[in-house]
Amino acid sequence: MKKQTAMNRDWIATARTLSEALPYLQRYDEAVVVIKFGGHAMGDDVAMESFARDIVLMQQVGVYPVIVHGGGPMINEMLAKLDIKSDFVKGKRVTDEATVKVVEMVLSGLVNKRIVQAINRQGGKAVGLSGKDANMMICDQTDPDLGFVGTPSEMNPAVLRQLFTAEMIPVVAPLGAGRNGETYNVNGDTAAGAIAAALKADRLLLLTDVAGVKDASGEVVTELTPDQIRALTTEGVIAGGMIPKTETALAAIEGGVRAVVILDGRAPNACLLELFTEHGAGSLIRQ
Ligand code: X2W
């Protein structure tokens, strides 16, 4: 026989938290949420396990999560081991024939399967793909100077819908198929934006290693419109690595995504905080 011990305050708080989440759970029932999981946001196995738990929880409560991942630091590591030099031009990796092979091996092989396995260990049913699968992301060359870097030009997201409506969690590596059999390396943010737009997603969460978009005084702005983003960019307040993220956000909104959130993926339970609490996380961008 088990007797009730003194009610621990933590349990009461847990129950209250669940109760307070109800309107958010209702709001996101059957919502398509695309999550860009950048290489810099990934962290160690403990952080990966926590991310995977949050994704499985989202799926369990009725959200349709779609993961699009990066893996820039992991590609750098492998290229260094193989003694292949690598340069970036405006945030994109100059990708020759040898490099694109390494990019595909690292992203579709190591990084993709690490995420798939982490989700499945938490009881989810993740399926790993790249933009090549079912012709999901057909690309054209971005710029001859960048080699095999692709710009998504034709999206076929039906395979993703089939997977998430069957309660599976698609995990997509940002590689695209060329029209003549080429393999294209696509920036992870660009791929996530294109996939979110093709799905007309309710949310695109860009998980990165900064807290969000900052204003001139260095404080994170919690809500912005595309016009405010453009103004901050003209003023030079939005600069450097944040530019590809805000450009992705603007393109995604233009493409029909309801809102984009730029947030720190290393913060504990970042996705849950954003979706299921009044507090939110990072910077929310919407019209
Ligand atoms: C990226 C793809 C991976 C990526 C690259 O080769 O690094 C291009 O630059 P993160 O972790 O999201 O930065 N592709 C064209 O975007 O990874």
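Our structure is the block above this text.
Quick caveat: nothing in here was measured; it's all calculated off a predicted structure. (Residues numbered from 1 in each chain as written. Predicted model: local features only at pLDDT ≥ 70, side-chain atom pairs only at ≥ 80, totals over all residues. Heavy atoms only, no water.)

**Student:** Mind showing me how you'd approach the overall build of the chain here?
**Tutor:** On a plain count of helices and strands, the chain comes out with 11 helices and 14 strands. Relative to a compact globule of 287 residues, whose C-alpha radius of gyration would be 19 Å, the chain shows 19 Å and is just as compact. Along the first, second and third principal axes, the C-alpha atoms of the chain reach 70 × 45 × 35 Å. Every one of the 287 residues in the chain was classed for burial, and the buried ones make up 47%. Accessible surface for the chain amounts to roughly 14,600 Å². Of this, 51% is attributable to carbon and sulfur atoms. Each charge class in the chain was averaged separately, 28 positive and 34 negative side chains, and the resulting centres sit 6 Å apart. (Helix = DSSP H or I, 4+ residues; strand = E, 2+ residues; numbered from the N terminus. Rg over C-alpha atoms; globule rule 2.2 N^0.38 Å. Buried < 20%, exposed > 50% of the residue type's maximum accessible area, 1.4 Å probe, protein only. Areas by Shrake-Rupley, 256 points an atom, 1.4 Å probe, with all protein chains shown as cover. Lys, Arg positive; Asp, Glu negative; His and termini not counted. Charge placed at Lys NZ, Arg CZ, Asp CG, Glu CD.)

**Student:** Looking at this structure, I do not really get the environment of Thr 165. What am I missing?
**Tutor:** Inspection of the secondary structure assignment puts Thr 165 in helix H7 (residues 158–165). Along the primary structure Thr 165 and Tyr 64 are separated by 101 residues, whereas in three dimensions their C-alpha atoms are 7.6 Å apart. At a separation of 3.4 Å, a polar atom in the side chain of Thr 165 contacts the main-chain carbonyl oxygen of Gln 162. (Polar contact = N/O pair within 3.5 Å; in protein donor to acceptor, adjacent residues only side chain to side chain.)

**Student:** Whenever I open this one, the sheet that holds strand E1 (residues 32–37) confuses me. Can you help?
**Tutor:** Hydrogen bonds along the backbone pair up the strands of a sheet, which may run parallel or antiparallel. Pairing is mixed across the open sheet formed by 8 strands, whose spatial order is E5-E8-E2-E1-E11-E13-E14-E12. Single-partner strands in this sheet number two, and they are strand E5 (126–130) and strand E12 (223–224). With 5 bridges connecting them, E5 and strand E8 (residues 169–173) associate as parallel partners. Among the inter-strand pairings, Val 127 is bridged to a residue of E8, identified as Pro 170. The strands touched by helix H8 (residues 188–198) within the sheet are E1, strand E2 (64–69), E8 and strand E11 (203–208), with E2 carrying the most contacts at an inclination of about 150 degrees. (Pairing = 2+ DSSP bridges. Contact = heavy atoms within 4.5 Å. Axes fitted to C-alpha atoms, helices over the stretch in contact; angles between N-to-C directions.)

**Student:** I'm lost on the side chain of Ser 283 in this one. Help?
**Tutor:** Residue position: Ser 283 is located in strand E14 (residues 283–285). Looking at Ser 283, its side chain comes within polar contact range of the main-chain nitrogen of Val 213, at 2.7 Å. Non-local contacts of Ser 283, meaning those with residues more than four positions away in its chain, are made with Ala 211, Gly 212, Val 213, Val 220, Val 221, Thr 222, Leu 224, Val 260, Val 261 and Ile 262.

**Student:** How do you make sense of the pattern of salt bridges when you look at a structure like this?
**Tutor:** When their charged atoms lie close together, side chains carrying opposite charge are able to pair. Considering all chains together, one arrives at 11 salt bridges under this definition. For Lys 36, the salt bridge goes to Asp 189, with nearest N and O atoms at 2.8 Å. Remark: Asp 189 occurs in helix H8 and Lys 36 occurs in strand E1; sequence separation between them is 153 residues. Judged by its relative accessible area of 5%, Asp 189 is buried. Two residues, Arg 230 and Asp 227, come together in a salt bridge whose shortest N-O distance is 2.7 Å. Placement of the pair is Arg 230 and Asp 227 together in helix H9 (residues 226–234), with a separation of 3 residues, close to one helical turn. The exposure class of Arg 230 is partly exposed, given its relative accessible area of 39%. Accessibility expressed as a relative area gives 53% for Asp 227, which makes it exposed. (Salt bridge = Lys/Arg side-chain N within 4 Å of Asp/Glu carboxyl O.)

**Student:** Can you walk me through the site of the ligand in this structure?
**Tutor:** Close contacts around the ligand come from 16 residues, with Lys 36, Gly 39, Gly 71, Arg 93 and Gly 188 the closest. For the shell around the ligand, the secondary structure elements donating two or more residues are helix H5 (72–81) and strand E4 (92–93). A total of 3 residues in the shell around the ligand trace back to one element, the largest contributor, which is H5. Taken together, the residues of the shell around the ligand break down into 4 nonpolar, 9 polar and 3 charged. (Near = heavy atom within 4 Å. Nonpolar A, V, L, I, M, F, W, Y, C, P; charged D, E, K, R; others polar.)

**Student:** How should the packing of aromatic side chains be read in this particular structure?
**Tutor:** The relation between two aromatic rings is expressed through the spacing of the ring centres and the mutual angle of the planes. Following the criterion strictly, the structure yields 4 aromatic pairs and no others. Seen from their ring centres, Phe 148 and Tyr 184 are 6.3 Å apart, and the 45 degrees between their planes marks the pair as tilted. Here the residue Phe 148 occupies a position in the loop between strand E6 (137–141) and strand E7 (150–155), and Tyr 184 occupies one in strand E10 (residues 183–185), the gap between them amounting to 36 residues. With a relative accessible area of 25%, Phe 148 lands in the partly exposed category. (Phe/Tyr/Trp six-rings, centres within 6.5 Å; stacked < 30°, edge-to-face > 60°.)

**Student:** Teacher, can you tell me more about helix H6 (residues 97–121) here?
**Tutor:** Compared with the 36 Å implied by 1.5 Å per residue over 25 residues, the 35 Å span of H6 between its first and last C-alpha is a close match. Of all the bends in H6, the greatest measures close to 35 degrees and is centred on Asn 112. The N-cap of H6, judged by a side-chain oxygen 3.3 Å from the amide nitrogen of Ala 98 a few residues on, is Asp 96. Among the residues trailing H6, Gly 123 stands out with phi positive, at a value near 95 degrees. (Expected span 1.5 Å × (residues − 1). Bend = angle between axes of the 7 residues up to and from the residue.)

These results come straight from atomic positions and should not be treated as a statement about function.
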